[in-house]
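As a plain string of letters, each chain reads:
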Amino acid sequence: MKKFLFTIVATFLFAFTSLAAGKPEMEFKVTSHDFGYIDEYGGNVSYEFEFTNTGDKPLMIISARANCGCTRPEFSKRPIVPGGKSTIKVTYVPKGRPGTFTKGVTVKTNIGVKHLVVKGVVVPKKQEEKQ
């Protein structure tokens, strides 16, 4: 009986301390950005997705990967402290890619995976305008 009570008490204590230990939380202002119309040869376009660690433990970004080589994510490898803010900059390269696009970025963190999206329309230039 004593072992049984000890096991129950230990289980409750473990559950309580696990809840009290907390974890990081990643809250984005927005997870999608529309560049609108951009010129094919007007240069790269970028957007910074701002987020806050609303949890009570440090947040770590492990990786950020785009689903295409024309999209480049950049992020800080430093831990984001509770209440701290940071950004993930996503750059799209329109050169040679006329038309509508929607590109995703998968962000892996110490609490799971988040998804970001950039989209827009690349306006092509006529052959004589490219030079």
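Treat the numbers as computed from the prediction; the structure is a model and nothing was measured.

Draft legend 1. Quick look at the pattern of salt bridges. Taken as a whole, this structure holds three salt bridges when the rule is applied. We note a salt bridge from Lys29 to Glu50, for which the minimum N-O separation is 3.7 Å. Taken together, the residues span a long stretch of sequence, with Lys29 in the loop between strand E1 (26-28) and strand E2 (32-39) and Glu50 in strand E3 (residues 45-53) at a distance of 21 residues. Owing to a relative accessible area of 63%, Lys29 belongs among the exposed residues under this scheme. Linked by salt bridges that have partners in common, Lys29, Glu50 and Lys85 make up one network.

Draft legend 2. Up close: the nonpolar core. Within the largest apolar cluster, 21 residues are counted, with the highest numbers of intra-cluster contacts made by Met26, Phe51, Ile88, Tyr92 and Val107. Every element with two or more residues in this core is listed here: E1, E2, E3, strand E4 (61-66), strand E6 (85-92), strand E7 (99-109) and strand E8 (112-123). Excluding residues within four positions of it along the chain, Val107 makes contact with Met26, Ile61, Ser63, Ala64, Ile88, Gly112, Val113, Lys114 and Leu116.

Quick notes on the rules
Residues numbered from 1 in each chain as written. Predicted model: local features only at pLDDT ≥ 70, side-chain atom pairs only at ≥ 80, totals over all residues. Heavy atoms only, no water. Salt bridge = Lys/Arg side-chain N within 4 Å of Asp/Glu carboxyl O. Helix = DSSP H or I, 4+ residues; strand = E, 2+ residues; numbered from the N terminus. Buried < 20%, exposed > 50% of the residue type's maximum accessible area, 1.4 Å probe, protein only. Core = buried A, V, L, I, M, F, W, Y, C linked by side-chain atoms within 4.5 Å. Contact = heavy atoms within 4.5 Å.

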